[in-house]
Amino acid sequence: FLAGLAPAYQGTRVDLSIQLRERTGAEGLAGHGRLRNALVIGEVALSFVLLIGTGLMVRSFYELTNIDPGYNPDNLLTFRVNLPIARFPDPESRSQFVLQLQEDIKAIPGVENASATFPAPLSGTGFNGRYTTEASANDDTEYRQADYRFVIPEYFESMQTRLVMGRFNNLDDEQNARPNVLVDRTLAETAFPNDNPIGKQIWIRLGAPQPVPITIVGVVEHQANESLHESGRETIFLPSKYGGVFGGVNSWMIRTSVPPLSVLPQIKNLVSGMDKDLPVARVSTMADYVDTAMAPTRFAMRLIGAFGISALVLASIGLYAVLAYLVRQRRSEIGVRLSFGAKPAHIFKLFLKQGLLLAFMGLGVGIVAALGLGQSMSSLLVGITAVDPMTYMSIATLFVLVAIAACLFPAWRATRVDPMEVLRYE
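## A closer look at a nonpolar patch on the surface
So, point 1. A surface patch of nonpolar side chains, about 330 Å² in accessible area, is lined by Ile309, Val313, Leu314 and Ile317.
So, point 2. Within the element layout of this structure, Leu314 appears in helix 7 (residues 286–329).
So, point 3. Judged by relative accessible area, Leu314 falls into the partly exposed class, the value being 37%.

Shown next as structure tokens:
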């Protein structure tokens, strides 16, 4: 941008090349030209780097919006009802309250399904533990880490999570605290590769030093628990009552056929009618949780995009101004060329080539720098690599088009030089 400040005065009658020659001599003029060109190359390189960052974030955001979280967040209301230990001291009383509230909520017009879990997906709360197969139950080195999720019946139906094989959990599993669990596809493929996991046992440690066996009765699709950016750990879904003091569910998932928040007043009345001291807290929709999970990528995309567009505009101005300055500086040369029979098309190509040469030199520097930027952004990228070919090709093509547009007018101006006027002036 600084390199283009001097040519901003090209509308005056002052010949800047003559002034510079008089003050600094030919050597100083050449040095000024090199500095000017270096600044323009730096502008182009910087803007290309920022635009590559923007392109990578746009591609990541697109991939993020197309990620299947393992459930349908639309028309899904979520809230918390925490049951105090003092009033609900044992798993039996907690389970009875939760199951009764579930039935009452399902009776509300517009509610298709209702269930509860702990912890809720994308809520920022985690609960995990170790597991292994029966063959390795006595070998501590073979244990892997998995997310533990406690659920009551109809959780997967409420979330619209697809059943891969086996069955969903049912009321008998919950009321009788059966050690029957569902696992996600990730765990099934990890623990039982090329084998049917239904009916097989895995061993977990849940509030006790010794591992205990649980039986797999179903496999569901993997759910995004902590983030949409990463696939996350495998998951074990246990009956709430089986978890004992650890299994108290507090996050409700209400599938509706009407706007989710429209059923909230009736739900609050139900909870208050069962226990007036229980608040309905953390009210939101699952779509809001998903939107929040996308926020870091969206923010980075907008921030880098703003800088990238600004840098692109400045680089375009710099290319235009430098080329316009060169045309002004070389008017005598252009006049001589034209007087000796050079065609305007030749003059046009000459200056267009000079402008594009600066642009391509900047692109070369920018590509090297962008590779380093991409590596530092790897943690924000989703579904693509830091050297995504489509992004680099698209941004490079855009930059070439912008560079051509910035160079066209000064190159055209060069063809409009009147040889007789220039020579008479000289």
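## Comments concerning unusual backbone geometry
So, point 1. The linkage connecting Phe118 with the following residue, Pro119, adopts the cis geometry, with an omega of -10°.
So, point 2. Within the secondary structure, Pro119 is located in the loop between strand 2 (111–118) and strand 3 (128–133).
So, point 3. Positive phi, close to 60°, is recorded for Leu122, a residue that is not glycine.
So, point 4. Residue position: Leu122 is located in the loop between strand 2 and strand 3.
So, point 5. Residue Leu122 is classed as buried on the basis of its relative accessible area, which comes to 10%.
So, point 6. Non-glycine residue Glu154 carries a positive phi angle of around 75°.
So, point 7. Mapped onto the elements, Glu154 comes out in the loop between strand 4 (144–151) and helix 3 (155–159).
So, point 8. A residue is classified by how much of its surface remains accessible, and Glu154, at 21% relative accessible area, is partly exposed.

## A look at the side chain of Thr235
So, point 1. Among the structural elements, Thr235 can be located in strand 9 (residues 235–239).
So, point 2. A polar atom in the side chain of Thr235 sits 3.1 Å from the side chain of Asn225.
So, point 3. Excluding residues that lie within four positions of it along the chain, Thr235 makes contacts with Asp147, Arg149, Leu182, Val183, Asp184, Leu187, His222 and Asn225.

## Things to note about the environment of Ala311
So, point 1. With respect to the secondary-structure elements, Ala311 resides in helix 7.
So, point 2. You can call Ala311 buried: its relative accessible area is 10%.
So, point 3. A C-alpha to C-alpha distance of 7.6 Å links Ala311 and Leu50, two positions 261 residues apart in sequence.
So, point 4. Among residues more than four places away in sequence, those in contact with Ala311 are Ser47 and Leu50.

## A word on the packing of helix 7 against helix 10 (residues 389–415)
So, point 1. In the contact formed by helix 7 and helix 10, the axes pass within 9 Å of each other and the chain directions differ by 25°. In terms of orientation, helix 7 lies roughly parallel with respect to helix 10. Helix 10 is crossed by helix 7, and the crossing has right-handed handedness. Contacts between helix 7 and helix 10 involve Leu312, Ala315, Ser316, Leu319, Tyr320, Leu323, Ala324 and Val327 from the former and Phe399, Val402, Ala403, Ala406, Cys407, Phe409, Pro410, Ala411, Arg413 and Ala414 from the latter.
So, point 2. When its residues are assigned to classes, the contact of helix 7 with helix 10 shows 16 nonpolar, one polar and one charged.

About the cut-offs
Residues numbered from 1 in each chain as written. Predicted model: local features only at pLDDT ≥ 70, side-chain atom pairs only at ≥ 80, totals over all residues. Heavy atoms only, no water. Patch = residues over 30% accessible without salt bridge, like charges linked within 9 Å, V, L, I, M, F, W, Y side chains within 5 Å. Areas by Shrake-Rupley, 256 points an atom, 1.4 Å probe, with all protein chains shown as cover. Salt bridge = Lys/Arg side-chain N within 4 Å of Asp/Glu carboxyl O. Helix = DSSP H or I, 4+ residues; strand = E, 2+ residues; numbered from the N terminus. Buried < 20%, exposed > 50% of the residue type's maximum accessible area, 1.4 Å probe, protein only. Polar contact = N/O pair within 3.5 Å; in protein donor to acceptor, adjacent residues only side chain to side chain. Contact = heavy atoms within 4.5 Å. Axes fitted to C-alpha atoms, helices over the stretch in contact; angles between N-to-C directions. Parallel < 35°, antiparallel > 145°, perpendicular 65-115°, else oblique. Left-handed = near helix turned anticlockwise from the far one by under 90°. Nonpolar A, V, L, I, M, F, W, Y, C, P; charged D, E, K, R; others polar.

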